[in-house]
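Examining the three-dimensional arrangement
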Amino acid sequence: MNQPDTYVIETHGLSKSYGNVQALRALDLRVRRNSIFGFLGPNGAGKTTTMKLLLGLARPTSGGGTILGHDIRHDSAEIRKRVGYLAQDPRFYDHMTARETLRFTARFFYSGPAEAIEARIEDTLRLVGLEDRADRPVRGFSGGERQRLGIAQAQVNYPDLLILDEPAASLDPGGRRDVLEVMERLRKYTTIFYSTHILDDVQKVSDTVAILNKGQLIAQAPIEQLLAGSEGVVYALTLRGDAGRVLPVVSAQPWVKDVSATAAGHGLTHWQVSVSDEAAAEAQLLRLVLADESVTVTEFGRRRYELEDIFLRMTEGGEA
Amino acid sequence: MVSESKLQRINERGWRVGLANLLRKENGEWWGTRAWLVQAVIWLAICNGLLAMILWVAPAQSRQAAEAGRAAEELTGQQAAVDGLEVFLMISAMATAVGIAIIMQDSIMDEKKSGTLAWVLSKPVARPAVIIAKLVANSIGALAIMILLQGAVAFAQLRLAGSDVAPGPFLLALGILGLHLLFYLTLTLMLGVLFDNRGPVIAIPLLLVFGYQILLGIAPGLHQITPYGLVVQAGPDNPALVLLIARGDPVPSLLPIIATIVWIAVFVGVALWRFAREEF
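So, how was this worked out
Residues numbered from 1 in each chain as written. Chains lettered and ligands numbered in written order. Predicted model: local features only at pLDDT ≥ 70, side-chain atom pairs only at ≥ 80, totals over all residues. Pairing = 2+ DSSP bridges. Helix = DSSP H or I, 4+ residues; strand = E, 2+ residues; numbered from the N terminus. Axes fitted to C-alpha atoms, helices over the stretch in contact; angles between N-to-C directions. Contact = placed C-beta atoms within 7 Å. Buried ≥ 20, exposed ≤ 12 C-beta atoms within 10 Å, placed from the backbone. Right-handed = clockwise from strand over helix to strand, strands pointing away. Core = buried A, V, L, I, M, F, W, Y, C linked by C-beta atoms within 7 Å. Parallel < 35°, antiparallel > 145°, perpendicular 65-115°, else oblique. Left-handed = near helix turned anticlockwise from the far one by under 90°. Nonpolar A, V, L, I, M, F, W, Y, C, P; charged D, E, K, R; others polar. pLDDT = per-residue confidence, 0-100.

All names here are of chain A. The strand order β14-β15-β13-β16 describes an open sheet built from four strands, whose pairing is antiparallel. Strands at the two margins of the open sheet, each flanked by one partner only, are β14 (256-265) and β16 (295-302). The average angle at which neighbouring strand axes cross in this sheet is 20°, direction not considered. Of the pairings in the sheet, the one linking strand β13 (residues 233-241) to β16 comprises seven bridges and is antiparallel in character. By the bridge assignment, Leu239 is partnered in β16 with Val297. On top of the sheet, helix α9 (residues 243-251) reaches β13, β14, β15 (268-275) and β16; it is set at about 165° to β14, its chief contact.

Residues and elements named next belong to chain A. The element strand β9 (residues 161-165) is extensively covered by neighbouring structure, given that five of its five residues are classed as buried. A two-sided burial pattern is seen for β9, the buried positions comprising Leu161, Ile163 and Asp165 on one face and Leu162 and Leu164 on the other. With four bridges joining them, strand β7 (residues 83-86) and β9 adopt parallel strand pairing. Looking at the pairing, Tyr85 lines up with Ile163 of β9. Looking at chain direction, β9 and strand β10 (residues 191-196) are connected through five bridges and run parallel. In the strand pairing of β10, Ile163 is matched with Phe193. In terms of handedness, the path from β9 via helix α6 (residues 173-186) over to β10 forms a crossover that is right-handed.

So, about the sheet that holds strand β11 (residues 208-213) of chain A. All names here are of chain A. Strand order in the open sheet formed by six strands is β7-β9-β10-β4-β11-β12, with mixed pairing between adjacent strands. Looking at the sheet topology across the chains shown, the edges are occupied by β7 and β12 (216-222). Direction aside, the axes of adjacent strands within the sheet are offset by 15° on average. With four bridges joining them, strand β4 (residues 36-40) and β11 adopt parallel strand pairing. Across the sheet, residue Leu40 finds its bridge partner in β11, namely Ile211. Running over the sheet, helix α11 (residues 307-315) touches β4, β11 and β12 and is turned about 30° from β11.

Residues Ile163 of chain A together with Leu181 and Val242 of chain B are the most contacted members of the largest nonpolar core, which totals 141 residues. Considering every element that reaches this core, the biggest residue donor is helix α6 (residues 167-194) of chain B, with 16 residues. Once residues within four sequence positions are removed from consideration, Leu181 of chain B is found in contact with Thr96, Ala97, Ile100, Ala142, Leu143, Met146 and Ile147 of chain B. Residues Val234, Ala243, Val250 and Ala281 of chain A belong to the second largest nonpolar core, which totals 14 residues.

This part covers the environment of His266 of chain A. Topologically, His266 of chain A is positioned in the loop between β14 and β15. Counting along the chain gives 230 residues from His266 of chain A to Ile36 of chain A, while the straight-line C-alpha distance between them is 46 Å.

All names here are of chain A. One way to put it is that helix α3 (residues 98-106) packs onto helix α5 (residues 143-155) with a least axis distance of 9 Å and a crossing angle of 25°. One element, α3, and the other, α5, form an angle in the roughly parallel class. The interaxial crossing formed by α3 with α5 has right-handed handedness. Residues Ala98, Thr101, Leu102 and Thr105 of α3 pack against Leu149, Ala152 and Gln153 of α5.

Listed per partner, the contact involves 25 residues of chain B and 31 residues of chain A. Those elements that provide at least two residues to the side of chain B that touches chain A are β1 (8-9), α1 (19-31) and α4 (116-121) of chain B. The element best represented in the side of chain B that touches chain A is α4 of chain B, accounting for four residues. For the side of chain B that touches chain A, the class distribution of residues is 12 nonpolar, seven polar and six charged. Strand direction decides the pairing type here: strand β8 (residues 110-111) of chain A and β1 of chain B, joined by two bridges, are antiparallel. Looking at β1 of chain B, one finds that Ser111 of chain A is bridged to Gln8 of chain B.

Below, the discussion takes up the confidence of the model for chain A. When the pLDDT values of chain A are averaged, the result is 89; 95% of them are 70 or greater. Predicted confidence in chain A is weakest over α11 of chain A, with a mean pLDDT of 77, and strongest over α3 of chain A, with 97.

With that out of the way, let us pick up unusual backbone geometry. Residue and element names in this part refer to chain A. Unusually for a residue other than glycine, Ala26 sits at a positive phi of about 40°. On the secondary structure map, Ala26 appears in strand β2 (residues 21-27). Note on Ala26: 15 C-beta atoms within 10 Å, which makes it partly exposed. The phi torsion at Lys214 lies on the positive side, around 50°, for a residue other than glycine. Within the fold, Lys214 resides in the loop between β11 and β12.

What follows is the structure in structure tokens.
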């Protein structure tokens, strides 16, 4: 699986400065084929800059990369033949209708027959739910409709890679749900590389995540791995009774790395048990504690981090 | 999803990538709506309206004045045709230069500001294709409506008024007007690429059009190496080159024509070079 062609995007030391401002610092990114890759970061982190560099809309100051095996510095037009792009604030010709916009876009990729192109346009309009607004000028579109048209024009060539810059940022909850549904539908056809700062959305649809902060990549991992945290597997327990008696027994287990205990009042104690062997912990931890009849367990479970915890800890200087 | 089998992928390479589609779109902006009709009527009023006044209204008024004893000399149709030709050529040159600068100022600028240019460039489009499409489509539209159509109507008017202007020389004079228009078209296109705000893009061409007397006063040599030599008379007894050509008179120097062609090539070259380095 680690053959080079499994990566749709690969960058090596990709950097961009605007005068004295370092917008992107030595980015090493790898996006696996057929993944939905969430590119996270606070505003101004360098997400849009990265996307523009990948598409040839801006030139790297140093470093480089490939998309679908093509060099981003020299094969930009070839890359754009196989990529669909939605800008953060998509702009189209206001006088054109949605259908005309898609026809104009499709003709960059395909020549006749006209009926086949029209069928593709119809198909794409259906995909994003714009069939009933297809012949209205874009100038009258709402933010959500414009965004859906943005996804449609990015998808009209059935790209091998979709690059979406904040696809749901300006939308109301209904519009966001629609966009995420469209992304889910496209998952089986293409790779999606999208930027966002809406962490809820990332947790819902992404399988891999990278976090960018101040132009620097600070994490890149499958989302499950990121959510597990860097402490490894941690179990959380809430005990009632004399937790101090059972603590040495648990701490003595070879698969227990650390136990952190905090009093929670009303005779309750919280434990965070960090373990090195997940299977052993799953089989034995609760039994060991319950073997001591002086304590009862009111809560037990594997600790899961929310992406927001990870993101805030990383972007505010800590490490997950 | 619809299969790819019926669709033919475009496999262009180099500077032509995306050119056909962009040309279709840019031509559509001239010819796909009623814009061409509006333009045609406007230019008809400006160029041929004034000519009609000189050819048909002025002699009639002069005749009435002479009959009433208010004028010593009557303006004949023949004299009106001579004046009309000169006025048509001068007014067409000035007005079309201003008009094309106004039309072209938005061509790149608006698209840069609105973000549509960045959108288009995210598709398989070679950057030279963007400039070439705008250049070709706007040149065709402007030359057809502002020069050829007006020239045809003006020629018909002049002949009806008794002018002896010959079709060949008149067509050559229209070519000179076209060259003059292309100078301002390419200049504005280049300025649109170079600048990010509208001020210099419109101000520089208008300054050149209206400030010719000042500029030629400072540097008389500009008459030979700029398009001023095409449409501005060098002195009281030296008519403008375009008028000499229209009358079929001998031309003292071809340098203004050559210089204008060189300027146009430079403007296009700079626009292509700069646009290739533009970041969005």
